Amino acid sequence: GGSSSSTARAASAGELRVWASYAEVRNEHVRDLLSPRGHSSLRVVDHPQLGVCVPGLTEVPCGSAEDVGRLLNYGARRRAFGSSLLCSDPSRSHAIFTLRVQQTPPAASAEEAAAGAGARATSARIHLVDLAAAERAPVDVLRAEGRPGDRGCGLGTADLLGGRAVSHGLTALHLVIRALRARGGAGAGSAEEGGEGGASSSVAALFRASKLTLLLRDSMLGRAAALVATVSPAACAVTGTLRTLGFMAAAGRAAGAAPWELVCSGRSVQEVGRLLQADLRRLRSVAFGRGSSPGAVLSRAALAEHGEVQEDLADRERRLRQLRTPFSVQLEEALLAEDAREAALRKLGLLDPGAAASGEEGQEEQPLLLNISDDVVLAGCLAYTLGPDPVTKVGSHPDNGIVLRGLGIAPRLCQFEVRSSDDVVISLAPNAGLRARVRVNGVTLRPGEEIQLRSMDRIVFGRACALCVVLPGTMDGCAVQRLEECCYEKDMLKVLLADASDAWGELRLYFSDLWQRLGEERGREFFSYLAEASHLVDEANEITTEMRPQEHLKFEVELVWDINREVRDIIIIRFMQFLDADDSAPPVLAYWALPRFRERVEVMRALFGALSRHS
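Every value quoted in this text rests on a predicted model; they were computed, and no experiment measured them.

**Student:** Sorry if this is basic, but what is going on with the overall build of the protein chain here?
**Tutor:** Secondary structure summary: the protein chain contains 19 helices and 22 strands in total. Counting only residues that meet the buried cut, the protein chain has 46% of its 615 residues in that class. Partitioning the intrachain contacts of the protein chain with sequence separation of at least 6 by distance along the chain shows that 64% fall at a separation of at least 24. Working note: accessible area of the protein chain is about 30,700 Å², and carbon and sulfur atoms make up 54% of it.

Here it is as structure tokens:
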């Protein structure tokens, strides 16, 4: 009948299949944004036959554009939630959303199938890359020539390599683009195969210098059919638009200099299956030959290597299973996985903001909390509902109505009493603890105090989680527009900075004298740096107290009384260890300038985040 004839036509014409993955790269750690468990620190592997792959990264089959949109939405919420655990700005991370498209060949004839000589499938990848917005400075150096001493509209190479708030990934990306353009395409295609000559090996080494560049290597080596940038027509965004266009011009010339290569793998499905089976046999022999026997004792390095082999084994088995499973079955399994992802967010008290706003989840009359971010894409993408119970509890314990984790967030932190859709009161939990922190519009919430909330009030839970209040009973058209502005905050430090900073309070005696010496212009610049330094020092002290409480370590802001210095260089951070409670002259273990201390706090955040996940 009609069904059998349509199936026959589809088989003869082949099938278009699409898979999606979503990864975040922050401080050279790769995190899976499509996993309900949010796997972090994934490896990026350069396989001689399979190319660049990430063992453990979730790859979801997509049957429609709506499927892709839902994955983008879920990944954005995961990214925003991860950044709210610490004072880690999502705009300081890179995000790569990858679509893998495969056109399967027409069905093989009986003779071809019997001979095992199936036709070859054609495949391609589309990378949608969100480079770190908070690291915009490196984009300026991707200009036409980058001559020594030419400042242009941005930083010179010496500044870039000197670490002026530039991430490692963007530094590597800049160097790769310059190297490809300098080579003019000579031998670029052989770089990834370890081609001969210093130029090929040096470019290959540059790609391996960062996980970001390694993930984008195939596109950077001339395999990209097109480069597309998103820019804003708004006058207020002209600086960002020029930077983006400058980056695209430089990257486009670099890609155009490399030789064109077909994206077709050149292998049939049967050949790929045989390749995966051979790799599985090799990995199994390695796994069983290195300590898998009963009673074997492995060193720390051997244990790490054994764990990597097990990850590779699971990755090859997944690929082989995907190769053998009909795409229609994969789509059915993807629906079950989508339910699991959404259930994991609901356990944290999170809803889909779009569904909540439209009433799809029955929450249209309930008060909401939306996340605040300096990334316009992520602002407002997290939605916590207050209700349906009269009291919604907040804290790090999983049985709270809203589960938040991070510095300053106790197991029982605070609670919301919802009296009506426009009458909500917040108060601290009775057993919140001394280090618990909640601030409403910049004012610290005290034990026993209740605050009546209004729409667009801003609440900071702990040190990093900033949310905006939405009371449906008070929202009109103008209020909705103001709400969008409330969720987007260009200067997040202004929102997160506590009104009672310990580091700031220790220096108050010097403020008047400093202002007179520096003058108004330099004084304003100095106090902006001092506010940031105080915030970082308080955060570093909290992390140290949580992770190493017995060692009595402390960070402090110290001032160098030389007003002829650069304003930023007046501030240094000292690191001390108190040997006993009465130690009035503790030994100083280290000093750091403010830029170097920023980098150390980023590392501390990553370590604290890893500890929090494991605990």
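What follows picks up the thread again.
**Student:** Got a minute to help me understand the sheet that holds strand β15 (residues 438-440) in this structure?
**Tutor:** What links the strands of a sheet is backbone hydrogen bonding, and the strands pair in either a parallel or an antiparallel sense. Across the sheet, 7 strands lie side by side as β8-β10-β9-β19-β18-β15-β16; this open sheet has antiparallel pairing. The two strands at the open ends of the sheet, each matched to only one other strand, are β8 (350-351) and β16 (443-444). Where strand β9 (residues 368-371) meets strand β10 (residues 383-385), 3 bridges bridge the pair, whose relative direction is antiparallel. Looking at the pairing, leucine 368 lines up with threonine 385 of β10.

**Student:** Honestly, the packing of aromatic side chains in this entry has me stumped. Any pointers?
**Tutor:** Note on aromatic pairs: each is described by the distance of the centres and the angle between the planes. In the structure shown here, the tally under the stated rule is 11 aromatic pairs. Here the aromatic rings of phenylalanine 575 and tryptophan 592 are separated by 5.8 Å at their centres, their planes lie at 35°, and the arrangement is tilted. Here tryptophan 592 lies in strand β22 (residues 588-593) and phenylalanine 575 lies in strand β21 (residues 571-577), a separation of 17 residues in the sequence. The pair phenylalanine 575 / tryptophan 592 is uniform in exposure class, with both members buried. Through a chain of ring-to-ring contacts, three or more aromatic side chains come together here, namely Phe511, Trp515, Phe526 and Phe527. Just above the ring of tryptophan 19 sits the side chain of arginine 100; from NZ or CZ to the centre is 4.1 Å. The ring of tyrosine 74 has arginine 341 lying over it, and the distance from NZ or CZ to the ring centre is 5.6 Å.

**Student:** Can you walk me through the side chain of aspartate 315 in this structure?
**Tutor:** Topologically, aspartate 315 is positioned in helix α12 (residues 300-324). A residue is classified by how much of its surface remains accessible, and aspartate 315, at 2% relative accessible area, is buried. Here the side chain of aspartate 315 touches arginine 316 through a polar contact of 2.7 Å, side chain to side chain. Excluding residues that lie within four positions of it along the chain, aspartate 315 makes contacts with Val54, Pro55 and Gly56.

**Student:** Would you take a moment to explain the sheet that holds strand β12 (residues 402-403) for this structure?
**Tutor:** Taken together, the 5 strands give an open sheet; going across it, the order is β12-β11-β13-β14-β17, and neighbouring strands pair in mixed fashion. If you trace the sheet from one side to the other, it starts and ends with β12 and β17 (450-452), each paired once. Alignment of strand β13 (residues 414-420) against strand β14 (residues 423-428), held across 6 bridges, turns out to be antiparallel. What sits directly across from serine 420, in β14, is aspartate 423.

**Student:** Explain the side chain of asparagine 400 here, please?
**Tutor:** As for its placement among the helices and strands, asparagine 400 is situated in the loop between β11 (391-395) and β12. In this structure the side chain of asparagine 400 is engaged in a polar contact, spanning 2.9 Å, whose partner is the backbone oxygen of histidine 397. With residues near it in sequence (within four places) discarded, asparagine 400 still touches Lys393, Val394, Gly395, Pro411 and Arg412.

**Student:** Before we go on, may I ask you to explain the confidence of the model for the protein chain in this structure?
**Tutor:** Interpretation of the predicted coordinates at a detailed level should be avoided for regions scoring low in pLDDT. Looking at the protein chain, pLDDT values average 76 and 73% of them are 70 or higher. For the protein chain, the element scoring lowest by mean pLDDT is helix α5 (residues 157-161), at 35; strand β5 (residues 60-62) scores highest, at 95. Confidence drops under a pLDDT of 50 for residues 134-166, and excluding neighbours within four residues, the segment shows 55 contacts in the predicted structure. Below a pLDDT of 50 lies the segment residues 258-265, which in the model reaches 24 contacts outside its immediate sequence neighbourhood of four places, other chains included.

**Student:** Would you take a moment to explain the pattern of salt bridges for this structure?
**Tutor:** Two side chains bearing opposite charge may form a pair once their charged atoms approach each other closely. The tally for this structure, following the rule as stated, stands at 38 salt bridges. Glutamate 542 serves as the salt-bridge partner of arginine 437, at 2.6 Å between the closest nitrogen and oxygen. Here the residue arginine 437 occupies a position in the loop between β14 and β15, and glutamate 542 occupies one in helix α18 (residues 511-547), the gap between them amounting to 105 residues. Each member of the pair, arginine 437 as well as glutamate 542, carries the same accessibility label: buried. A salt bridge links arginine 596 to glutamate 599; the nearest nitrogen and oxygen atoms lie 3.6 Å apart. Highlighted residues: arginine 596 and glutamate 599, both in helix α19 (residues 594-614), separated by 3 residues, approximately one helical turn. Three or more residues are tied together by salt bridges with common partners; here these are Glu59, Arg100, Asp279, Arg282, Asp315, Arg316, Arg318 and Arg319.

The rules we used
- Residues numbered from 1 in each chain as written.
- Predicted model: local features only at pLDDT ≥ 70, side-chain atom pairs only at ≥ 80, totals over all residues.
- Heavy atoms only, no water.
- Helix = DSSP H or I, 4+ residues; strand = E, 2+ residues; numbered from the N terminus.
- Buried < 20%, exposed > 50% of the residue type's maximum accessible area, 1.4 Å probe, protein only.
- Contact = heavy atoms within 4.5 Å.
- Areas by Shrake-Rupley, 256 points an atom, 1.4 Å probe, with all protein chains shown as cover.
- Pairing = 2+ DSSP bridges.
- Phe/Tyr/Trp six-rings, centres within 6.5 Å; stacked < 30°, edge-to-face > 60°.
- Lys NZ or Arg CZ within 6 Å of the ring centre and 35° of its normal.
- Polar contact = N/O pair within 3.5 Å; in protein donor to acceptor, adjacent residues only side chain to side chain.
- pLDDT = per-residue confidence, 0-100.
- Salt bridge = Lys/Arg side-chain N within 4 Å of Asp/Glu carboxyl O.

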